[in-house]
Amino acid sequence: RKMVALVTDMGEPLGSHIGNALEVKEAIDVLAGRVEGPLLTVALELGARMLLLGGAAETVEDGKAKLQEALRSGAGLEKLRQMIAAQGGDPACCDDTSLLPRANYIQELRSAETGYIASMDTIRLGNAAQAMGAGRKQKTDLIDHSVGYVMHKRIGDHVDKGDLIATLHAKNPESAGEAGKEILASLHFSPTPVPPCKLIHAFVDGE
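Residues numbered from 1 in each chain as written. Predicted model: local features only at pLDDT ≥ 70, side-chain atom pairs only at ≥ 80, totals over all residues. Heavy atoms only, no water.

1. A short note on the overall build of the protein chain
Along the protein chain, the regular secondary structure elements total 6 helices and 9 strands. With the C-alpha coordinates aligned to their principal axes, the bounding extent of the protein chain is approximately 50 × 45 × 35 Å. When the 207 residues of the protein chain are sorted by exposure, 34% land in the buried category. Carbon and sulfur atoms provide 54% of the accessible area of the protein chain, an area that totals close to 12,000 Å². (Helix = DSSP H or I, 4+ residues; strand = E, 2+ residues; numbered from the N terminus. Buried < 20%, exposed > 50% of the residue type's maximum accessible area, 1.4 Å probe, protein only. Areas by Shrake-Rupley, 256 points an atom, 1.4 Å probe, with all protein chains shown as cover.)

Here it is, written out as structure tokens:
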């Protein structure tokens, strides 16, 4: 079979939303055309190559154009509605994301440092979400679909002490406090400017 792979950067979260319902909300926002950024960029690159391999596009650029038209026309979001309905879910969440599971407690997380974000410990970031209940430590654990966090800063961004780093969606203040400590500890700062992450490092195909 023909295949294509993208070597993408894992130095920071691709999207800004971490957690089950939060990630679904971000996907809906992308399909609705409300947000742009790295998640959309990589999705267009992947999707265009899927269309090319499937014979539905003549070139990568043709594939991107078809995908962007699906976003503009609402066809992409309509397909998600159909997928949700086919699996017994409520497609109305595509039009009202407040219908998605919502956390009991929301707290802002602010920076304790000033500087440029130089790197992130993404394993630690993932573990912070897991500890909140967004993932399992063992297979018998129950997942809380409402919890997680939204990152407001990326590598290369300048941050002043007191700036908003993330918004925590947690079960309670204690869970938010522990997650906040882990998130802040995962960020490493530089006093001098740092370039943003390169999203895609390489394309791999049959040649």
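We are not done yet, so read on.
2. Here's the deal with the state of the cysteines
Enumeration over the complete set of coordinates arrives at 0 disulfides. Between C93, a cysteine without a disulfide, and C94, which holds the nearest cysteine sulfur, the sulfur-to-sulfur distance is 4.5 Å. A relative accessible area of 8% places C93 in the buried class. (Disulfide = S-S within 2.5 Å.)

3. Quick look at the environment of M83
Position of M83 relative to the elements: it lies in helix α4 (residues 75–86). The spacing of M83 and E61 is 22 residues in sequence and 26 Å in space, taken between C-alpha atoms.

4. Structural notes on the sheet that holds strand β8 (residues 187–190)
Pairing is antiparallel in the open sheet, where 3 strands are placed in the order β6-β4-β8. In this open sheet, the two edge strands, each paired with only one partner strand, are β6 (158–159) and β8. Pairing of strand β4 (residues 115–120) with β8, which is carried by 4 bridges, proceeds in the antiparallel orientation. Across the sheet, residue I117 finds its bridge partner in β8, namely F189. Along the sheet face, helix α6 (residues 173–186) touches β4 and β8 and points at about 40° away from the line of β8. (Pairing = 2+ DSSP bridges. Contact = heavy atoms within 4.5 Å. Axes fitted to C-alpha atoms, helices over the stretch in contact; angles between N-to-C directions.)

5. Describing the pattern of salt bridges
Summed over all chains, the structure comprises 13 salt bridges. Of the charged contacts, one joins E45 and K64 as a salt bridge, the two residues approaching to 2.7 Å between their closest N and O atoms. Of this pair, E45 sits in helix α2 (residues 38–53) while K64 sits in helix α3 (residues 60–73), placing them 19 residues apart in sequence. The buried category is assigned to E45, whose relative accessible area is 12%. Residue E178 is joined to K181 by a salt bridge in which the shortest nitrogen-to-oxygen separation is 3.7 Å. Placement of the pair is E178 and K181 together in helix α6, with a separation of 3 residues, close to one helical turn. (Salt bridge = Lys/Arg side-chain N within 4 Å of Asp/Glu carboxyl O.)

6. Digging into α6
In a regular helix each residue adds 1.5 Å, so 14 residues correspond to 20 Å; α6 covers 20 Å between its end C-alpha atoms and thus fits that length. Within α6, the full set of buried residues consists of S175, A176, A179, G180, I183 and S186. What you see down the axis of α6 is that its buried residues fit within an arc of 130°, all on one side. Away from the buried face of α6 by more than 90 degrees, exposed residues E174 and K181 are located. (Expected span 1.5 Å × (residues − 1). Arc of directions from axis to C-beta.)

7. Comments concerning the nonpolar core
Counting residues in hydrophobic clusters, the biggest one holds 23 residues, and the most contacted among them are M120, Y149, M151, I165 and I183. Those elements giving two or more residues to this core turn out to be β4, α5 (122–134), β5 (148–151), β7 (164–170) and α6. Among the elements that make up this core, the one with the highest residue count is α5 (5 residues). The residues touching M151, leaving out its near neighbours within four places in the chain, are S16, I18, M120, I165, A166, I183 and L187. Within the second largest apolar cluster, 8 residues are counted, among which are A21, L77, I84 and C93. (Core = buried A, V, L, I, M, F, W, Y, C linked by side-chain atoms within 4.5 Å.)

8. Some remarks on the sheet that holds β5
The sheet built from 4 strands is open, its strands ordered β2-β5-β7-β3 with antiparallel pairing. In this open sheet, the two strands that pair with only one neighbour each are β2 (17–18) and β3 (105–110). Here β5 pairs with β7 via 4 bridges, running antiparallel. Within β7, the position partnered with G148 by the bridge is H169. Lying over the sheet, α5 contacts β2, β5 and β7, oriented at roughly 145° with respect to β5.

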